[in-house]
Amino acid sequence: MTIDELKSKFAGKCIVKEGPGGLPVIGVCNAAASAEICLMGAHLMSYVPNGRGEVLWMSSQSSFEVGKAIRGGIPVCWPWFSKNPMFEDAPMHGLARIMMWELVDVFSTEKQTIVKLALNAVPGYEQFWNYRFSLEYTITVGATLTLSLKTTNKDDRPMHITQALHTYFNVGDITKVQVEGLDGCSYLNKVGDGGTGVRQGNRIIDCEVDEVYQGVKRTLVVRDGSIPRTILVNNFNSNSAVVWNPWIAKSQRMADFPDDGYKTMVCVESGNVIDDARDIQPGESHELLAVITVK
Ligand code: TA6
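Note that the structure is a prediction, hence the values are computed from the model and not measured. (Residues numbered from 1 in each chain as written. Predicted model: local features only at pLDDT ≥ 70, side-chain atom pairs only at ≥ 80, totals over all residues. Heavy atoms only, no water.)

## Here we look at the sheet that holds strand β16 (residues 203-204)
Part 1 of the argument: Spatial strand order, β6-β7-β8-β9-β23-β19-β18-β13-β16: 9 strands in an open sheet with antiparallel pairing. Edge positions in the sheet fall to β6 (102-108) and β16, since each of these pairs with one other strand and no more. (Pairing = 2+ DSSP bridges. Helix = DSSP H or I, 4+ residues; strand = E, 2+ residues; numbered from the N terminus.)

## With respect to the site of the ligand
Part 1 of the argument: Looking at the ligand, there are 13 residues lining it, with R71, H93, R97, D210 and E269 nearest.
Part 2 of the argument: Contact distances for the ligand include 2.9 Å between an oxygen atom and a side-chain N or O atom of H93.
Part 3 of the argument: The side chain of D210 places a nitrogen or oxygen atom 2.5 Å from an oxygen atom of the ligand.
Part 4 of the argument: The residue makeup of the shell around the ligand, split by class, is 5 nonpolar, 2 polar and 6 charged. (Near = heavy atom within 4 Å. Polar contact = N/O pair within 3.5 Å; in protein donor to acceptor, adjacent residues only side chain to side chain. Nonpolar A, V, L, I, M, F, W, Y, C, P; charged D, E, K, R; others polar.)

## Comments concerning the pairing of strand β7 (residues 113-119)
Part 1 of the argument: The buried fraction of β7 amounts to 5 of the 7 residues, a majority that puts the element mostly inside the structure.
Part 2 of the argument: With 6 bridges connecting them, β6 and β7 associate as antiparallel partners. Within β7, the position partnered with L103 by the bridge is L117.
Part 3 of the argument: The hairpin turn running from β6 into β7, its antiparallel successor, is 4 residues long.
Part 4 of the argument: Pairing analysis gives 7 bridges linking β7 to strand β8 (residues 133-141), with the strands arranged antiparallel. Counterpart to L119 in the pairing with β8 is L135. (Buried < 20%, exposed > 50% of the residue type's maximum accessible area, 1.4 Å probe, protein only.)

Limitation: the analysis is restricted to geometry and does not speak to function.
In structure tokens:
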């Protein structure tokens, strides 16, 4: 659907505009919050609850073209997280974030806007994912941000997925940030020669951090002492989470990431990753739900 067709179909329900790279962007605003979503990747690029400032970090150097991941915001990593275990040449973090999604509908009340998006095929990428499926992404924008990513297996064989809502949080000063709620959780360290460990206490960010946590049962907290601001992340149907900050050297190596970008972002990702992968039987669904609240 062209931007003009979207504008006429959703007139009065949301703003439809041409975003960076000519990509269609949906803008929603209500008495509690505002948000912007790029239809390429169903990519939430901005979420601003009233009086709390921008919650999501976006790279000033991100690319904006179909088939290339947007850097920042909330990438939808599906139907695999990180590298595809079977295909070396498959896109990193799956296909959903590089596909053009369908805007299904937008519903608003005074303090909440519900945006429904759908993906039912991965044209051009069937060699990596040839299942029949439906992917429904419901974004509820209000004083709280609720993300529901529902996979339905429309095929006649079981479907094995890993996935993550790869949220880039805006922080004032990374050296004053702690991630809480992972105490006692085992993790895989993806930096350097890897290794595993068990988190003791809170996670501060004082180097490159790329950790995949299992057994995550509690609310995750991004405590930012610099703003100050506290972000709560409640995940449902998820027992795993990822904490990532590229720090100095990796920031400099990434073309779509400012050299000093590491100072004002941290990824705390809601997922079903590695041991927390999910098998969905024919006709059944799995919903990954994340509820983000800013205090
Ligand atoms: O979630 C952390 C991670 O898997 C890191 O290893 C890093 O690669 C990051 O995702 C960014 O991935 P991307 O494909 O968006 O560059």
